[in-house]
Amino acid sequence: MEEKDKMALGPKGIRLMLTGVIVMIAGYILMMGGGSKDPQVFNYAMFDFRRLVAAPVVIIAGIVIEIVAIVGATRKNKDK
């Protein structure tokens, strides 16, 4: 097989990329909610731990997984 016919990411890299996307989606789902139906009433639920700390940490973890998937595939290709 010629070099130009090979994919940049192998099966492991693709699985890591999909895992990273799923983790980021989970972070955005954690961030949802907390609004108020009445705009005149302040809702403290939007300032809880899940939305301010857990969700951003999960999203950043997903981004790190994406970076590892891309850099790992790049390093593997350089070694060959």
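Residues numbered from 1 in each chain as written. Predicted model: local features only at pLDDT ≥ 70, side-chain atom pairs only at ≥ 80, totals over all residues. Heavy atoms only, no water.

## Some remarks on the overall build of the protein chain
Heads up, the condition is: Secondary structure elements are defined from DSSP: runs of H or I of at least 4 residues count as helices, runs of E of at least 2 residues count as strands, and each element is numbered from the N terminus. Partly exposed describes any residue whose relative accessible area lies between the buried limit of under 20% and the exposed limit of over 50%, with all areas from a 1.4 Å probe on protein chains only and scaled to the type maximum. Any two residues whose heavy atoms approach within 4.5 Å at even a single point are treated as in contact. The accessible surface values rely on the Shrake-Rupley method and a 1.4 Å probe; as for residues, cover is taken only from the protein chains in view.
Each helix and strand counted, the protein chain has two helices and zero strands in total. Burial status across the protein chain gives 15% buried among its 80 residues. A separation threshold of at least 6 residues defines the contact pool for the protein chain, and within that pool the share at least 24 residues apart is 68%. Looking at the protein chain as shown, the accessible area adds up to about 6,400 Å², and 69% of this sits on carbon and sulfur atoms.

## Some thoughts on the pattern of salt bridges
We apply this condition: The salt bridge definition used is simple: a Lys or Arg side-chain nitrogen within 4 Å of an Asp or Glu carboxyl oxygen.
All chains considered together, the criterion is met by one salt bridge. Linking R51 and D48 is a salt bridge whose minimum nitrogen-to-oxygen distance equals 3.0 Å.

## As for a nonpolar patch on the surface
The condition that has to hold: Residues qualify for a patch when their relative accessible area is over 30% and they have no salt bridge, like charges being joined within 9 Å and the nonpolar side chains of Val, Leu, Ile, Met, Phe, Trp and Tyr within 5 Å.
On the surface, F42, Y44, M46, F47, F49, L52, V53 and V57 cluster together into a nonpolar patch covering about 870 Å² of accessible area. As for its placement among the helices and strands, V57 is situated in helix α2 (residues 49-79). When its relative accessible area of 54% is taken as the criterion, V57 is described as exposed.

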